[in-house]
Amino acid sequence: MTGGGPQPGDDRPRWYGRRRGHRLRKGRQELLRDLLPRLRVAPPESGGRLDLAAVFHRSVTDVWLEVGFGAGEHLAAQARAHPHVGIIGCEAYINGVAGLLAHVREGNLTNVRIFDDDARLLFDALPDAGIGRAFVLFSDPWPKKRHHRRRFVSPENLDALARLLKDGAELRFASDHMEYVRWTLERVTAHPAFSWPARTRRDWLQRPEDWFETRYEAKALGRGARCVYLRFLRRPRGSRGRPPHTVSGGHPPVAPRG
Ligand SMILES: C[S@@+](CC[C@H](N)C(=O)[O-])C[C@H]1O[C@@H](n2cnc3c(N)ncnc32)[C@H](O)[C@@H]1O
């Protein structure tokens, strides 16, 4: 299944990542068979938008979205810490999906829903301004120049997130790949819907307390890499003007360097 390239007449975006890893243990296979269908979010067959309140089968005070949750540690920790928030996780790597399902079962988490495919296929089904926070953590950096267009942070995906996020909502991004960090800063700060309120180095070098460690982050820190944590805000719709971004010392928009 790896690669999932488009077929003639297929306008699905191309998927470049892995869909499967090692063979899953029996317990994980059972989670995929029995629990995933109960938690799966699916775009309406008739097209149109999902009713987010109905997605959770229970009342939630807000809905958050994580794109590429990997094995789901961060998503599960957020779900535990915010039991009244509904969290939709998107991940096309089935071993990762099974990992999140294990956390859901262990923690008896009732506020998690899963889209087990490319997040871009879900975006059209989500309503305008329905998401209160979005996470894109340690997204694949695709370091080779000829692969940069595979990066999740792109004008198209930022437009989609700008539509989905509520006014004032946070978009969180983290990476240990400084060139991808700079790429992201350039694109997000150039986008009219987003601001970057960071003012000092601490704002991007220190992971806030309500932001849980991911598996990729732990690996990066373990090999001594520096991680950068970016919090962007969705500007209120209808707000005018985009003041130039400055960090302490009055610099123009500066992407953190290693
Ligand atoms: C480098 S891993 C990081 C996983 C996790 N966030 C972490 O920090 O441990 C990136 C993950 O994002 C997933 N991913 C990338 N693009 C995606 C997309 N458009 N929709 C859903 N998942 C995506 C990949 O399958 C991969 O598992």
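See the structure above.
Asks: How should I be thinking about helix H4 (residues 94-107) in this particular structure?
Replies: Along an α-helix, a turn takes 3.6 residues, which lines up residues three or four apart on a common side. The end-to-end C-alpha distance of H4, which contains 14 residues, comes to 20 Å, matching closely the 20 Å that a straight helix rising 1.5 Å per residue would cover. For H4, the set of buried residues is Ile94, Asn95, Gly96, Val97, Ala98, Gly99, Leu100, Leu101, Ala102 and Val104. Against the buried residues of H4 lie helix H1 (26-39), helix H3 (73-81) and strand E3 (112-115). Of the residues trailing H4, asparagine 108 is marked for its positive phi of about 50 degrees.

Asks: Honestly, the pairing of E3 in this entry has me stumped. Any pointers?
Replies: Along any regular strand the residues' side chains alternate between the sheet's two faces. Covered by surrounding structure in E3 are Val112 and Ile114 together with Arg113 and Phe115, the residues of both alternating faces. By the bridge criterion, four bridges tie strand E2 (residues 85-90) to E3 in an arrangement that is parallel. When the bridges of E3 are listed, glycine 89 appears paired with isoleucine 114. With H4 bridging E2 and the parallel E3, this β-α-β connection has right-handed handedness.

Asks: Would you mind showing me how to read the pattern of salt bridges here?
Replies: Once their charged atoms are close, side chains differing in charge can pair, the charge on each being opposite to the other. Under the counting rule described, the total for this entry stands at 20 salt bridges. In this structure, the salt-bridge partner of arginine 163 is aspartate 128, at a minimum N-O distance of 2.6 Å. In this pair, arginine 163 sits in helix H6 (residues 155-164) while aspartate 128 sits in the loop between helix H5 (120-123) and strand E4 (131-137), placing the two residues 35 residues apart along the sequence. We classify arginine 163 as partly exposed; its relative accessible area is 22%. Glutamate 217 is the partner of arginine 207 in a salt bridge, and the nearest nitrogen-oxygen pair spans 2.5 Å. A residue pair is termed long-range when its members are at least 10 positions apart, and arginine 207 in the loop between helix H8 (202-205) and helix H9 (215-222) and glutamate 217 in helix H9 qualify at ten residues. Of the residues examined, arginine 207 reaches a relative accessible area of 27% and is grouped as partly exposed. Put simply, Arg133, Glu170, Arg172, Asp210 and Arg231 are held in one network by salt bridges that share partners.

Cut-offs and rules
Residues numbered from 1 in each chain as written. Predicted model: local features only at pLDDT ≥ 70, side-chain atom pairs only at ≥ 80, totals over all residues. Heavy atoms only, no water. Helix = DSSP H or I, 4+ residues; strand = E, 2+ residues; numbered from the N terminus. Expected span 1.5 Å × (residues − 1). Buried < 20%, exposed > 50% of the residue type's maximum accessible area, 1.4 Å probe, protein only. Contact = heavy atoms within 4.5 Å. Pairing = 2+ DSSP bridges. Right-handed = clockwise from strand over helix to strand, strands pointing away. Salt bridge = Lys/Arg side-chain N within 4 Å of Asp/Glu carboxyl O.

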